[in-house]
Amino acid sequence: MTSFHTHRARVHDASLPPYRRHSALRTCLTRFAPYGLRATYHHLTVSARIPRFLEADPDALVRAVDELHEARELWRARAEEYAERRRAQKRAGRRLPPETAWWHVRWWGSPNAAWEHDPFLHPPLRLSDYVRRQNALLDGAVLPGCPACGEQGPPVPLPTGPGDDRGDGHGHGRAELCRCCARVLTPCGCGRWHSFEPALRTGWSRIWGREHMTGGGEPSPYWPGVRGEARVERLESYTIHWGSGVVYGDRDQ
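A brief look at the structure comes next. Since we're looking at a predicted model, the values are computed, not measured. (Residues numbered from 1 in each chain as written. Predicted model: local features only at pLDDT ≥ 70, side-chain atom pairs only at ≥ 80, totals over all residues. Heavy atoms only, no water.)

Here the focus is the nonpolar core. For soluble globular proteins, nonpolar side chains are generally found buried alongside one another. Grouped together as the largest cluster of nonpolar side chains are 54 residues, with contacts concentrated most on Leu25, Ile50, Leu68, Trp103, Trp115, Leu177 and Leu235. The element best represented in this core is helix α4 (residues 59-91), accounting for nine residues. Excluding anything up to four places from it in sequence, leucine 25 contacts Val11, Leu44, Ile50, Leu61, Ala64 and Val65. (Core = buried A, V, L, I, M, F, W, Y, C linked by side-chain atoms within 4.5 Å. Buried < 20%, exposed > 50% of the residue type's maximum accessible area, 1.4 Å probe, protein only. Helix = DSSP H or I, 4+ residues; strand = E, 2+ residues; numbered from the N terminus. Contact = heavy atoms within 4.5 Å.)

As a further point, take the pattern of salt bridges. Summed over all chains, the structure comprises 16 salt bridges. A salt bridge links aspartate 57 to arginine 63; the shortest N-O distance between them is 2.7 Å. Note that glutamate 211 is salt-bridged to arginine 206, the shortest N-O span being 2.9 Å. Look at glutamate 211 and you get partly exposed, because its relative accessible area is 26%. (Salt bridge = Lys/Arg side-chain N within 4 Å of Asp/Glu carboxyl O.)

Under the criterion given, the structure shown has 11 aromatic pairs. With centroids separated by 5.5 Å and ring planes inclined at 75 degrees, the aromatic side chains of tyrosine 35 and tryptophan 115 adopt a geometry described as edge-to-face. Of this pair, tyrosine 35 sits in the loop between α2 (18-31) and α3 (37-47) while tryptophan 115 sits in helix α5 (residues 114-117), and the two are 80 residues apart along the sequence. The burial state of tyrosine 35 is the same as that of tryptophan 115; both residues are buried. With 4.9 Å between their ring centres and 70 degrees between their planes, tyrosine 35 and tyrosine 130 make a pair best called edge-to-face. Here tyrosine 130 lies in helix α6 (residues 127-138) and tyrosine 35 lies in the loop between α2 and α3, a separation of 95 residues in the sequence. Owing to a relative accessible area of 0%, tyrosine 35 belongs among the buried residues under this scheme. (Phe/Tyr/Trp six-rings, centres within 6.5 Å; stacked < 30°, edge-to-face > 60°.)

Another point: the pairing of strand β2 (residues 174-177). Burial of β2 is one-sided: the residues Ala175 and Leu177 facing one way are buried, the residues Arg174 and Glu176 facing the other way are not. Note that strand β1 (residues 156-159) and β2 share four bridges and pair antiparallel. If you follow proline 159 over to β2, its bridge partner there is arginine 174. In this structure, β2 lies alongside strand β3 (residues 184-186), joined through two bridges in antiparallel fashion. Looking at β3, one finds that leucine 177 is bridged to valine 184. (Pairing = 2+ DSSP bridges.)

Here you go:
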């Protein structure tokens, strides 16, 4: 298996056609994608201003892979420290980690799972800033706002069922999501896991083809249209069931 650095070098290789450099960028994303592959790719198309037609600005691919590389180096340094600490803890007889590293949290059941279902919902932070923030939280820092993006505005309440069966405003019936990135800040009080997904999903092929970008490398003002808090408000809740190794969801009414 070729390395991240090998594919990064291919993105930098101006002798290669843009489509091959673009393919190498995608392979880099399979090695490291802090927002998930699709959401991280979407982020890079916007932050690096990758145009819909790659030939218009192939250097945008270099800007994208270098941003990814910068964040990955920060993660690698922190991951090595974490691994060394875990080895010391195991030698001392502590088999279970006192904290789970943010890069080990699976997407199913993660408070950030909405980024997988709607790649347009992710922190607006530069990737290196996101990694620094997550590393600081792992080290015990107390940071203001949403743990993912730092948004300090009021959360967006979304229904998760027919109503509050506890009568205290915190029972089954709603969860609270970050108005910026849709991270679940307050889960539903029923104790079940609810997945928040868009009613109409944007196909990966359309995002991969950068239909959301203009020929000049700017976000299209016409597609997909709904952004920010209004996009979070349009998410629908599904109750996730776990059993016999199978994960499936029912739409909450």
